[in-house]
Amino acid sequence: MLQSIRDNSQSIVAKVIVGLIIVTFALFGVESLVSLTSESDAPATVNGEEISSQELYQATELQRRQLLSQMGENADPALLDDGLISSMVLDSLIEQKSLLLAAEDKNLMISDRMIDQMIVNTADFQVDGQFNRNQFEASLRSAGFTPLMYRDLLRKERVIEQERNAYQLSAFAVPQELERIVALDRQTRDMSYFLLPLTDVMAQVNVSEDEVKSEYEAERSSLMTQEQVAVEYILLNKNDLRDDVDVSDDELKAQYDQYLASFQAEEERDVAHILIEVTAEQDDTTALSKVMALQARIKAGESFETLAKSESDDVGSASSGGGLGVNGKGVFSEPFERSMYELSVNEVSEPVRTEFGYHLIKVSGISKEEVSSFAELKYDLADEILDQKVEAIYVERLEQMADITFSAGDLVEPSEALGLVIVSSDPFDRAGGNADVTRNAKVISAVFSSDLIQEKVNSPLIELDKERTVVARVKTYFEPREQTFEEVSSELKQQLVQQKASDLLESKAKDAVAQLNAGESLDRVAANAKAETKVAVSRSTSDIPLEVRNLAFSLAKPIDGKAVASRAVLNDGGMAVVLLTSVNTPEITLSEEEVQSMAGFLGTRFGQQEYQALVSQLKSSAEVEKR
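First, a word on scope: everything that follows refers to the structure included in this document. (Residues numbered from 1 in each chain as written. Predicted model: local features only at pLDDT ≥ 70, side-chain atom pairs only at ≥ 80, totals over all residues. Heavy atoms only, no water.)

### Notes on the pattern of salt bridges
Okay, step 1: What the rule picks out here adds up to 31 salt bridges.
Okay, step 2: Ionic pairing is found between arginine 155 and aspartate 152, a salt bridge with its closest N-O pair at 3.5 Å. Linking arginine 155 with aspartate 152, this pair stays in helix 7 (residues 147–170), spanning three residues, or about one helical turn.
Okay, step 3: Residue aspartate 152 is classed as partly exposed on the basis of its relative accessible area of 33%.
Okay, step 4: Measuring nitrogen to oxygen at the nearest pair gives 4.0 Å for the salt bridge that ties arginine 186 to glutamate 594. With arginine 186 in helix 8 (residues 175–186) and glutamate 594 in helix 23 (residues 592–621), this pair connects stretches of sequence that are 408 residues apart.
Okay, step 5: A relative accessible area of 34% means that glutamate 594 is categorised as partly exposed.
Okay, step 6: Residues joined by salt bridges that share partners form a network here, namely Glu55, Asp152, Arg155 and Lys156. (Salt bridge = Lys/Arg side-chain N within 4 Å of Asp/Glu carboxyl O. Helix = DSSP H or I, 4+ residues; strand = E, 2+ residues; numbered from the N terminus. Buried < 20%, exposed > 50% of the residue type's maximum accessible area, 1.4 Å probe, protein only.)

### With respect to the nonpolar core
Okay, step 1: Of all hydrophobic cores here, the largest spans 33 residues; its most connected members are Ile119 and Tyr150.
Okay, step 2: Contributions of two or more residues to this core are made by helix 4 (82–105), helix 5 (112–120), helix 6 (133–143), helix 7, helix 15 (334–342), strand 10 (357–368) and helix 23.
Okay, step 3: Residues Tyr216, Leu522, Val577 and Leu579 belong to the second largest nonpolar core, which totals 28 residues. (Core = buried A, V, L, I, M, F, W, Y, C linked by side-chain atoms within 4.5 Å.)

### Here we look at the pairing of strand 8 (residues 323–327)
Okay, step 1: Within strand 8, four of the five residues are buried, which leaves it mostly tucked inside the rest of the structure.
Okay, step 2: Judged from the three bridges that link them, strand 7 (residues 267–277) and strand 8 form a sheet pairing that is antiparallel. Bridging across to strand 8, aspartate 270 finds its partner in valine 326. (Pairing = 2+ DSSP bridges.)

### Quick word on the sheet that holds strand 17 (residues 624–626)
Okay, step 1: Reading across the sheet, the three strands line up as 2-1-17 and stay open at both edges, with antiparallel pairing between neighbours. The open sheet is flanked by strand 2 (49–51) and strand 17, the only strands paired with a single partner. Mean inter-strand twist for the sheet, computed between neighbouring axes without regard to direction, equals 20 degrees.
Okay, step 2: Against the sheet, helix 4 makes contact with strand 1 (44–46), strand 2 and strand 17, and its axis sits at roughly 150 degrees relative to strand 2, the strand it touches most. (Axes fitted to C-alpha atoms, helices over the stretch in contact; angles between N-to-C directions. Contact = heavy atoms within 4.5 Å.)

### Describing a negative patch on the surface
Okay, step 1: On the surface, Glu49, Glu50, Glu104 and Asp105 cluster together into a negatively charged patch.
Okay, step 2: Elements supplying a minimum of two residues to the negative patch: strand 2 and helix 4.
Okay, step 3: Relative to the assigned elements, glutamate 50 resides in strand 2.
Okay, step 4: Using a relative accessible area of 39% as the deciding quantity, one classes glutamate 50 as partly exposed. (Patch = residues over 30% accessible without salt bridge, like charges linked within 9 Å, V, L, I, M, F, W, Y side chains within 5 Å. Areas by Shrake-Rupley, 256 points an atom, 1.4 Å probe, with all protein chains shown as cover. Lys, Arg positive; Asp, Glu negative; His and termini not counted. Charge placed at Lys NZ, Arg CZ, Asp CG, Glu CD.)

### Re the sheet that holds strand 8
Okay, step 1: One open sheet holds the four strands; their spatial order is 8-7-10-9, and the pairing between them is antiparallel. The open sheet terminates on both sides in strands that have one partner only, identified here as strand 8 and strand 9 (352–354). The average undirected angle you get between the axes of adjacent strands in this sheet is 40 degrees.
Okay, step 2: Where helix 12 (residues 284–299) meets the sheet, its contacts fall on strand 7, strand 9 and strand 10, and the angle it forms with strand 10 comes to roughly 45 degrees.
Okay, step 3: Here helix 15 sits on the sheet and contacts strand 7, strand 8, strand 9 and strand 10; the angle it forms with strand 7, its principal contact strand, is near 125 degrees.

What follows is the structure in structure tokens.
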């Protein structure tokens, strides 16, 4: 039903492309077109198919928007690494292209009509349960999409989804697998364990000064400081300019007059339809005969909405009595729209032929946007004028800032001319400083450039965000240097103590495991450590350390009642010694509902694994070239 979006865009784009081709031929000849296509700027190709720069740009911008949205209202775009985002997005596009090519080889596709129905039925594009064009376009704008971009993305996702669903929905678990997995899941284990804390051993370890010095000599080549800079900068903040700007009543009146002159109340119509498709199984004559019979029934008094629910081939709108919501021009195909705007309220059209088939169209209401009064718009108009004035001043100041800082040998003259304060920073490395400005990725990149470090020049304008711009210069550059023994001796000593303690703890735990496996009693081996005994431990038991539980379930089942011991490293560096005494497998009795639920879950899981294997195979076998 959104065919006109595609038609309109194609027509205008076609005119532009034809115009460009004519100009190119006239000015440069055929060779210009050949040369333009001889070298591609595509950042990557997959099996000879290009991923265009435009695709990469659009996908990267979308990813940036999503990340900033997740970061919240105070998100700082400078915290995002554009290079890293672009690299990750390109890898994702390569995977997507591999999957699309594989799907196309299998002749998988999705029709334009199905895409139309998905859009119309998307809740985010609806108002009061009906598709709304304004809501549709607003939602896309907020996400950085045009309608054509969104349709293309939707098509790609759904084509790939077909193959993914084929794997996930066709996989299954046989009864033996189901029983084995359920048995493993419900299995419990009896065990004992004791912990050997690292801190206890560290307190007993001594490290001599000579050992620390020896470690220093061995590691000194790697004990380098990070390069650092101390900078100074001036900051131009757009919000600081607002206090000096006023809006007069005459300006408000002129702005309102401009609003009135440009206001156009677009007429929108609440429309419903009944569709009778023309298909291979139902030719044009049959469809027309059927729709005319429905028209006669409506004229005889039957409800349009009731017939739409029972007879319409548009599954997306049939359930709501054929309702398509309130729409203006540019949403539907030209014959449908023309008929819609010729109808009066509650009038039903004659049969209308479109590419989908025959429609009966009904208009339930007509609305026009009312012009707002000056009082209603006064404050919004004032904000708008204020924003325009401040923006103009900000742009002017930016130009002035760029001119002065480019030619100045320092920041003194620019700060005086612009009335800005010179701020000095503490030294910081490439990880950033402790201030908002010195944490900014663009600032860090600029101040660590060779121009600013070696030439001692002012930086170009650095936009922190839409409202703040800085110019920085390097005051002092601190080259990487080898740290002295005094600077690192404390850290090296702590590392040596911890390493010695870890080695002693590992040896102690290893001896304990050997003794337990040789038949020594747990109490004797644990000595001063407190041993814990747990019965019927399940995979979800949470009152023991995770490392202990995982180790217990990884050990082999004790044979002939002989317990099995092993050791595990804890997150805090300590050790755990675990003694597995018994593996308990319960009798499994599943209801029919449980069997179906578990079988469905396992089938989906197996299907996901198989699909991921396909994805990996396609990626590894694809001929990928990055530029």
